[in-house]
Amino acid sequence: MKAIPVPVRERILHLYAQGKSTGAIAASLGYCVAAVRRVRQHFQARGTLEPQTHRCGRKTLLTAHRRNRLQTLVAQHPDATLAELGARFQRPTSAMDLWLSRLGLSCKKNAARRRAVAARRGGTTKAVAATAGGRARRPAGVRG
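Cut-offs applied
Residues numbered from 1 in each chain as written. Predicted model: local features only at pLDDT ≥ 70, side-chain atom pairs only at ≥ 80, totals over all residues. Heavy atoms only, no water. Buried < 20%, exposed > 50% of the residue type's maximum accessible area, 1.4 Å probe, protein only. Helix = DSSP H or I, 4+ residues; strand = E, 2+ residues; numbered from the N terminus. Arc of directions from axis to C-beta. Contact = heavy atoms within 4.5 Å. Core = buried A, V, L, I, M, F, W, Y, C linked by side-chain atoms within 4.5 Å.

Every α-helix carries 3.6 residues per turn, so stepping three or four residues along brings you back to the same face. Every buried residue belonging to helix α2 (residues 22-29) is among T22, I25 and A26, and all of these are buried. Projected down its long axis, α2 shows its buried positions confined to an angular sector of 100 degrees, all on one face. Turned more than 90 degrees from where α2 packs its buried face, A27 and S28 sit exposed. Contact partners of the buried residues in α2: α1 (6-17) and α3 (33-46). With its phi angle positive at about 85 degrees, G30 sits one or two positions after the end of α2.

Below is the structure:
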């Protein structure tokens, strides 16, 4: 949801100063009653009409202390996997992957998983089909 523009916020305060009710202001400007009330409350608390959009969203769990600890740990154990790093920080591997990417670092690749993916894509199945393990093809038109 977008923030209410500053000129509209000024208009809301001006209408409050004229003695208009919150419901009347909300109806005339097309905003809900709670939004109009919050504009006045925030102005009284902060003293400014500027929206606080910079404080929106989830805050990162990668604090400066954790960042330094992660960089030290990766420097000491450059071959550590995401699971190993996650175990040290008691965080899931997805968080570790995100933190490493924010630091510009990469993680150790799992060679066994790469081999398994290549086999599932058909890299080795064609070779198996051509050998004795696969079904031999008969010439067309021959029964039996």
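Counting twelve residues, the largest nonpolar core consists of L62, L70, L73, V74, A80, L82, L85, F89, M96, W99, L100 and L103. Elements represented by at least two residues in this core include exactly α4 (64-76), α5 (82-89) and α6 (93-102). In this structure, I25, A26, A35 and V36 belong to the second largest nonpolar core, which totals nine residues.

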